[in-house]
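# Structure assessment
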Amino acid sequence: MAKVLLTKRIEFSSSHRYQNDAWDAARNRVVFGACNNEPGHGHNYLLEVTLAGEVDADTGMVVNLYDLKQVLKQVLEEFDHKHLNLDTPYFKGTIPTTENIAGVLWKILAARPEIGALENVRLFEDEDLFAEITAADVRAGGAGIARAGVTRQYYFSAAHRVHSGHLSAAENRRLYGKCDSASAHGHNYELSVRVRGEISPDTGMVTDIPTLDRLVQELVVRRFDHQDLNRDPDFSALVPTGENLTRLIWKRLAGSIPAARLDRIGLVETRGSSYAYTGETGEGALLNS
Ligand code: NI
């Protein structure tokens, strides 16, 4: 029988400090910035656990949600309102980055077979940043968890008129409706950029987030924010649909990601429409490469 995915979310709060003991104070400061401040700082983390399993014919469930919640609460007791570096045994030689915390939680949850098969562990540090470990990452990593995905959220607002130069006025009107209106209209776009790669043993990170932020700001946000997409040279021969914008953002960013590789571009155009692109070769090929 085909498997069903089930996701449960739970919050906890922890403090942490980024410090590589092999480096001197100056290098730690340069690499980790304020995250190196003593004694540390805190986050409200949101843990999202996805399990894969067959639906039990008698209960109609993959796993008993009540039992799952109890297991998650029990597991998080060790982390909630604790200093991850000082109060837990997991981060003595490992930096408690979002990637590494997600990896530790994967290992702890994988040792609890009563909750079923783990498919995905996502850990949100805040609304705009989460790390995830997938079953494919774990398979690729062999004995240890060496790979993770990191998703960062960005925002921009842009105007467009959805109109094709290849179609007649009547065809444009019929196909795009109000979106073809000559006066254009705008959206608050929500862009998610997911990168995937090896977790660096030195930094505990898959990619350098400030560099990624600068790159996305330069190549995407500043380019499109409060602009008319139809006037952008990139759209001179392209209809500025969500599909084309998503693919264009992929092309602008792919190849420039520090350390990691671009894995997925997600774009929410309205509450009713969103798009995603994983490149020419698709997600499967990326995950296997
Ligand atoms: Ni932090």
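Residues numbered from 1 in each chain as written. Predicted model: local features only at pLDDT ≥ 70, side-chain atom pairs only at ≥ 80, totals over all residues. Heavy atoms only, no water.

### A closer look at helix α7 (residues 209-224)
Taking 1.5 Å of rise per residue, the 16 residues of α7 would be expected to cover 22 Å, and the 21 Å separating its terminal C-alpha atoms lies within 8% of that figure. Along its length, α7 reaches its greatest deviation from straightness, about 45°, at Q217. Where the residues of α7 are buried, they touch β5 (129-134), β6 (147-160), β7 (185-198), β8 (227-228) and α8 (242-253). Among the residues trailing α7, H226 stands out with phi positive, at a value near 55°. (Helix = DSSP H or I, 4+ residues; strand = E, 2+ residues; numbered from the N terminus. Expected span 1.5 Å × (residues − 1). Bend = angle between axes of the 7 residues up to and from the residue. Contact = heavy atoms within 4.5 Å.)

### As for the pairing of strand β2 (residues 41-53)
Among the 13 residues that make up β2, 10 are buried, leaving the element largely enclosed by the rest of the structure. Here β2 runs beside strand β4 (residues 117-126); their pairing, made up of 7 bridges, is antiparallel. Following the sheet pairing, L47 is matched in β4 by L123. (Buried < 20%, exposed > 50% of the residue type's maximum accessible area, 1.4 Å probe, protein only. Pairing = 2+ DSSP bridges.)

### Quick word on the coordination of the nickel ion
Looking at the metal site, the nickel ion is ligated by H16 (NE2), H41 (NE2) and H43 (NE2), spaced 2.0 to 2.1 Å from it. Each donor residue of the nickel ion belongs to the same chain, with the gaps between them written as H-x24-H-x1-H. On the criterion of sequence distance, the pair formed by H16 in strand β1 (residues 4-16) and H41 in strand β2 is long-range, its members being 25 residues apart. Exposure remark for H41: the relative accessible area of 24% places this residue in the partly exposed category. (Donors = N, O, S within 2.8 Å, 3.2 Å for Na, K, Ca; no water.)

### Overview of the packing of α7 against α8
The description of two helices packed together rests on the angle between their axes and the distance between the axes. The contact between α7 and α8 brings their axes to 10 Å, and the two run at 145°. When you trace α7 past α8, the crossing you get is right-handed. Every residue of α8 that contacts α7 at L215, V216, L219, V220, R223 and F224 is listed here: L245, L248, I249, R252 and L253. (Axes fitted to C-alpha atoms, helices over the stretch in contact; angles between N-to-C directions. Left-handed = near helix turned anticlockwise from the far one by under 90°.)

### Observations concerning the side chain of H43
Counting through the fold element by element, H43 comes out in strand β2. H43 sits in the buried class, given a relative accessible area of 16%. Side chain to side chain, H43 and H16 meet in a polar contact 3.2 Å long. For H43, the contacting residues outside a window of four places in its chain are F12, S13, S14, H16 and E125. (Polar contact = N/O pair within 3.5 Å; in protein donor to acceptor, adjacent residues only side chain to side chain.)

### Side note on the domain arrangement of the chain
Many descriptions give the size of an interface as the accessible area lost when the pieces come together. Its domain assignment divides the chain into domain 1 (1-145) and domain 2 (152-289). With centres defined by C-alpha atoms, the gap from domain 1 to domain 2 works out at 29 Å. Taken together, the contact between domain 1 and domain 2 spans 17 residues of the former and 14 residues of the latter. Counting each side, the surface lost to burial between domain 1 and domain 2 is near 1300 Å², with a carbon and sulfur contribution of 51%. Considering only the surface of domain 1 that becomes buried against domain 2, E99, D128 and L129 emerge as the three largest contributors, covering 37% of it. The partner of R196 in a salt bridge is E132, with the nearest N and O atoms 3.6 Å apart. (Domains from an automatic or database assignment. Buried area = accessible area lost by both parts, 1.4 Å probe. Salt bridge = Lys/Arg side-chain N within 4 Å of Asp/Glu carboxyl O.)

### Let's talk about the environment of V75
With respect to the helices, strands and loops of the structure, V75 is situated in helix α2 (residues 65-76). Measuring from C-alpha to C-alpha, the distance between V75 and R112 comes to 9.8 Å, with 37 residues separating the pair along the chain. Excluding anything up to four places from it in sequence, V75 contacts L105, I108, L109 and R112.

### Here we look at the pairing of strand β10 (residues 273-277)
Pairing analysis gives 5 bridges linking strand β9 (residues 261-270) to β10, with the strands arranged antiparallel. Bridging from a neighbouring strand, T270 pairs with S273 of β10. Taking the residues that link successive antiparallel strands as the turn, the β9-β10 hairpin has 2 residues.

### Description of the environment of K92
Along the chain, the position of K92 falls in the loop between α3 (84-87) and α4 (98-110). Considered as a pair, K92 and D21 are 71 residues apart in the sequence and their alpha carbons are 9.6 Å apart. Discounting chain neighbours no more than four positions away, the residues touching K92 are D21, N85 and L86.

### Some points on α4
Look at α4: 18 Å from first C-alpha to last across 13 residues, which is about the 18 Å you get at 1.5 Å a residue. Judged by how many residues are buried, α4 sits mostly within the fold: 11 of 13 residues are covered. Of all the positions in α4, only T98, E99, N100, I101, A102, G103, V104, L105, W106, I108 and L109 are classed as buried.

### Some words on the packing of α2 against α4
Packing of α2 against α4 brings their axes to within 11 Å, and their N-to-C directions diverge by 130°. By the angle between their directions, the pair α2 and α4 is classed as oblique. Two packed elements cross with a definite hand, and for α2 against α4 that hand is right-handed. Judged by residue contacts, L72, V75 and L76 of α2 engage L105, I108 and L109 from α4. Counted by class, the contact of α2 with α4 contains 6 nonpolar, no polar and no charged residues. (Parallel < 35°, antiparallel > 145°, perpendicular 65-115°, else oblique. Nonpolar A, V, L, I, M, F, W, Y, C, P; charged D, E, K, R; others polar.)

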